[in-house]
Amino acid sequence: MHLFWIDFGTGLATAAVVALAATGLTLQFGITNYINFAYGDFMGLGALLTFALNNQAFHLNFWIAAPIAAILVGVFAVIANQLLLAPFARRFSNPALTMIVTFGLSLFMANVATVIWTGNTLFFRMPISVDKKVGPFLWSPDVMIVMGFAVLVMVMIHLLLKTTRLGKMMRALSDNTSLALTSGIDVRQITNVTWFMSGLLAGLGGIALAVEEANLTVTSAESYLFVIFAAVILGGIGSVYGAMLGALAIGLLTETAPLYINAGYKLDVGFFIVIVLLLFRPQGLVPRLGRS
Amino acid sequence: MSAFFLFFMTMVFYVIVFWIASLGLDLVWSRTGIPLFAYYLYVAVGAYLTGLFSLPHVPLQNGVGNLFGFNLPGLLALPLAAVVTGLFAMFVGAVFMRRLRTDYLAVVMVAVALVIWDFSQNDITLVSGNTGLTNIPLPLAGVLHININQWTYLYTGVAFVWALALWWIMKTVSNSPTGRVFRAIRDDSVVAATIGKNVYRYQILSMGIGGFYAAIAGGFLAQLATSWNPSSWAPFEVFNVFTMVIVGGVGSNLGMLVGAALLQVLFIQGPTYVASNYLHSPTFETLAAAAIGVLMWLSLWFRPQGAVPERLKSTAWYLGREPALQETINPDLTVEERA
């Protein structure tokens, strides 16, 4: 039982990571309607840029380097969309082709990152934090900061979507593009804002993953891509609150699973959920009203 | 001469093998319209089965062993593995094509490939986990008493004969009534269903043939390397085969040869040779792999019909009365949303 609660705590930490990333992925999917296979590499880019600012150039403090890196990933996402993904999506109506283009982006980013940062395991330059007992859980102070930050980001996204004009426009665009266009919303601008937020959240998710795992490699975020898909699909594709709930479920499931099955299959729990859900309940557990 | 010649023949071998692989993906993706992102899984299954069928029985010890052990000759193990993989591909298709649309199908296919990849890493009873299969026998080598270099030259010829046969079969299938149904499903599955074709059944058949081609390619890869393990393949390598199809020209049999040759010579085998013999650093190889992504974008944007475009075929062409029309088919039409 004791072990279960420790894994449960790790699950909550993973849920924080997955929630950050899944929210960004679902925001982007809501407006573009194709799946971005390079999203895992966006996450990796966040962690790698943090490493670069923290260890290689400028030698910034980790907590200053992280937000700068996340913003850079947001800018990168906007540029990648403007130069590459949006032109292909406009020209070819077939989503499978756009998916192959994002596949190519993933391959490109992963290989360029390998050239720059090598395939070795990297570590952030930050004080070693020792795990502390909090109730039945075992968390390091860094992980606790990441979890608190993730909750804060979720609340901010909620406020942005529900109380601001920008959030309303984003929701309108996600629900019905042509209706949003006719009511005078600047679709291009909102699309850019959404891609920026998607990249920003991917970057934050990638950094959080590296903090949780206490190290990073150029491919460590890529293997989490389908775990994040699982959270997004579980909550209903395009639904932000669904993604948050899905992240909680997926985080807890993948981290407590090693108590019952071979730990090598930890992430496969997520992959398996993707397969079963898309087969039997593609609308997710919390379907969005008014969408077919 | 001989080191370079060996490299050259190995490269020719890879070109032939990936010609076979891209013929199969071309049938499933560009001619039937199924985004088969799990294609490389079938390559791997074919490789594993070829190994398992041709290795002798080894009792399981410390996680290394071989449950099967049919000890078949390699030349026989290869087609047998391909048939079994084709049946496996039909089974996977039957389960997933039943309910899924194109984009969800693509995601599920990658997820299936990832699960089986993880299984091949963790399971030590069936395929020895990360150790994988080793000492896969070189077909014919024992009978003819030749060394590994001579064997490579000989087996490149064997692969070429296989490729020519498979190319001829693909050409025949493509021009047959079945091939026309495949293309009709790609262009508009609703229309194909309206004229009374069982779309689902034809899609499964297409997956089966694709799985057979993938497995032949995989079997050749495993036999050349004499080993196969989880680091020999990754589900995402399917992107390279997709690029070969797009660059070569979707729906074109000879285009697949062009695509496979271009990628293998300029972006995969060539850079590996240059990097290991002249530069002594893997950076060039990694950059070449990154360039495959750029090649695919440029090819899709500036020449979406590919190097050797698919030609529209009229009824008169099928009856042998006039040459094929010269217009090319827009690849945007190649994959149609399922109703």
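Residues numbered from 1 in each chain as written. Chains lettered and ligands numbered in written order. Predicted model: local features only at pLDDT ≥ 70, side-chain atom pairs only at ≥ 80, totals over all residues.

**With respect to the overall build of chain A**
So, point 1. Of regular secondary structure, chain A possesses eleven helices and two strands.
So, point 2. Scanning chain A from its N terminus toward the C terminus, one meets helices and strands in the order α-α-α-α-β-β-α-α-α-α-α-α-α.
So, point 3. Over its C-alpha trace chain A gives a radius of gyration of 19 Å, about what one expects of a compact globule, namely 19 Å for 292 residues.
So, point 4. Overall size of chain A, expressed as C-alpha extent along the three principal axes, is 55 × 45 × 35 Å.
So, point 5. Per-residue burial over chain A gives 51% buried out of 292 residues.
So, point 6. Nonlocal contacts in chain A, meaning residues at least 24 apart in sequence, comprise 76% of its contacts between residues at least 6 apart. (Helix = DSSP H or I, 4+ residues; strand = E, 2+ residues; numbered from the N terminus. Rg over C-alpha atoms; globule rule 2.2 N^0.38 Å. Buried ≥ 20, exposed ≤ 12 C-beta atoms within 10 Å, placed from the backbone. Contact = placed C-beta atoms within 7 Å.)

**Concerning the nonpolar core**
So, point 1. Residues Val274(A) and Tyr39(B) are the most contacted members of the largest nonpolar core, which totals 195 residues.
So, point 2. The element that contributes the greatest number of residues to this core is helix α1 (residues 2-31) of chain B, accounting for 15 residues.
So, point 3. Dropping the residues within four chain positions of it, Val274(A) is found in contact with Phe226(A), Phe229(A), Ala230(A), Ile233(A), Val107(B), Val108(B) and Ala111(B). (Core = buried A, V, L, I, M, F, W, Y, C linked by C-beta atoms within 7 Å.)

**Remarks on the interface of chain A and chain B**
So, point 1. Opposite the 34 residues of chain A that make contact, chain B presents 31 residues.
So, point 2. No other element matches the 15 residues that helix α4 (residues 95-117) of chain A contributes to the side of chain A that touches chain B.
So, point 3. A breakdown of the residues in the side of chain A that touches chain B according to their chemical character gives 26 nonpolar, seven polar and one charged. (Nonpolar A, V, L, I, M, F, W, Y, C, P; charged D, E, K, R; others polar.)

**Side note on helix α12 (residues 283-302) of chain B**
Given 3.6 residues per turn, any residue in an α-helix points the same way as the ones three and four places further on.
So, point 1. Across its 20 residues, α12(B) extends 28 Å between first and last C-alpha, which sits within 8% of the 28 Å expected from 1.5 Å per residue.
So, point 2. Buried within α12(B) we find Glu285(B), Thr286(B), Ala288(B), Ala289(B), Ala290(B), Ile292(B), Gly293(B), Met296(B), Trp297(B), Ser299(B) and Leu300(B).
So, point 3. Buried residues in α12(B) make contact with α3 (62-91) and α4 of chain A together with α10 (238-248) and α11 (253-279) of chain B. (Expected span 1.5 Å × (residues − 1).)

**Let's talk about α10(B)**
So, point 1. Taken across its eleven residues, α10(B) has eleven buried, putting it largely inside the fold.
So, point 2. When we look at burial in α10(B), the residues that qualify are Val238(B), Phe239(B), Asn240(B), Val241(B), Phe242(B), Thr243(B), Met244(B), Val245(B), Ile246(B), Val247(B) and Gly248(B).
So, point 3. Where the residues of α10(B) are buried, they touch α4 of chain A together with α1, α2 (39-54), α11 and α12 of chain B.

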